[in-house]
Amino acid sequence: LSEQLDIKKNETEYITKDIFFKKVIQMMPPKEIVDYHVNNFFKTIYPLIPILDEIIFKEEIFKIIQFPNNELESINIIIDTKIDYIRICILLLILRMSFSQKIIEKNFSKKIPNNLNILKYPITPSIIPLINFSLTKLNFLRKTSFEVLQLLLIYRFYQIRGCEDGDGYNGSDGPIYLGLIK
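In this report, the structure presented in the accompanying data block is examined. (Residues numbered from 1 in each chain as written. Predicted model: local features only at pLDDT ≥ 70, side-chain atom pairs only at ≥ 80, totals over all residues. Heavy atoms only, no water.)

**Side note on the overall build of the protein**
A tally of regular secondary structure across the protein gives seven helices and two strands. Shown N-terminal to C-terminal, the secondary structure of the protein runs as helices and strands in the order α-α-α-α-β-β-α-α-α. Across the 182 residues of the protein, 46% fall into the buried class. Sequence separation of at least 24 residues holds for 68% of the intrachain contacts in the protein that already meet a minimum separation of 6. Accessible surface for the protein amounts to roughly 10400 Å². Of this, 54% is attributable to carbon and sulfur atoms. (Helix = DSSP H or I, 4+ residues; strand = E, 2+ residues; numbered from the N terminus. Buried < 20%, exposed > 50% of the residue type's maximum accessible area, 1.4 Å probe, protein only. Contact = heavy atoms within 4.5 Å. Areas by Shrake-Rupley, 256 points an atom, 1.4 Å probe, with all protein chains shown as cover.)

**Points about the layout of surface pockets**
In this structure, the second largest pocket encloses a volume near 290 Å³. P30, K31, P68, N70 and E71 are, among the 14 residues lining the second largest pocket, the residues nearest its centre. (1 Å grid on protein atoms, 1.4 Å probe; cavity = no way out; pocket = protein on both sides within 12 Å on 5 of 7 lines; lining within 4 Å. Points joined across faces, edges and corners; volume = space filled by probe spheres on them.)

**Structural notes on the packing of aromatic side chains**
Scanning the entire structure with this criterion turns up ten aromatic pairs. When the centroid spacing of 6.0 Å and the interplanar angle of 70° are considered together, the rings of F20 and F21 count as edge-to-face. For the pair formed by F20 and F21, the shared burial category is buried. Among the aromatic side chains, those forming a connected cluster through ring pairs are F20, F21, Y85 and F133. Its guanidinium or amino end placed over the ring of F62, K31 lies 4.2 Å from that ring's centre, counting from NZ or CZ. (Phe/Tyr/Trp six-rings, centres within 6.5 Å; stacked < 30°, edge-to-face > 60°. Lys NZ or Arg CZ within 6 Å of the ring centre and 35° of its normal.)

**Topic: the environment of K23**
Inspection of the secondary structure assignment puts K23 in helix α2 (residues 17-27). Given the relative accessible area of 17%, K23 is considered buried. For the pair K23 and S126, spaced 103 residues apart in the sequence, the C-alpha separation amounts to 9.0 Å.

**Notes on the packing of helix α4 (residues 54-64) against helix α5 (residues 83-108)**
Their axes nearest at 10 Å, the elements α4 and α5 cross at an angle of 110°. With respect to their mutual orientation, α4 and α5 come out roughly perpendicular. Of the two elements, α4 crosses α5, and the hand of that crossing is left-handed. For the pair α4 and α5, contact is made by F57, E60, I61 and I64 and by D84, R87, I88, I90, L91 and I94, respectively. For the contact of α4 with α5, the class distribution of residues is seven nonpolar, no polar and three charged. (Axes fitted to C-alpha atoms, helices over the stretch in contact; angles between N-to-C directions. Parallel < 35°, antiparallel > 145°, perpendicular 65-115°, else oblique. Left-handed = near helix turned anticlockwise from the far one by under 90°. Nonpolar A, V, L, I, M, F, W, Y, C, P; charged D, E, K, R; others polar.)

Spelled out as structure tokens, the structure:
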């Protein structure tokens, strides 16, 4: 919890388009870890909030984020529309929720996750400013889309069930976007 509080305190910098790309590239794990988390999300968490089409989501996200063929190359992000920012944030939120589930599973149950390698690539709460940036960049209250609604619903689900602010209670502090969902 203290690590989460330290991360939250250090997130005061202003997010720009360049910082957004830099942070996404820094925190993005290798493709096999991303695949694992996405598949885990759709298998275990998704039934609680079924608002995405798995096939379409995977097709769209892997058009935007292109993983290198070898470790010497870096991840390539191709943004064609502003909605692509939202899609990236949906992916980051999916990765965060799946990673959190695996941490809880490792720490609080006798069952050890099959692949401990996935815990070597933490997806931290530092994704939240990126989500806020993408929603603001899209001007989501005036120009909304289905992808924005998906992000808002998944983000609200995460806020309700996540314990990210370190106070020991379910739910996290932060803005709640009620313009579209009530």
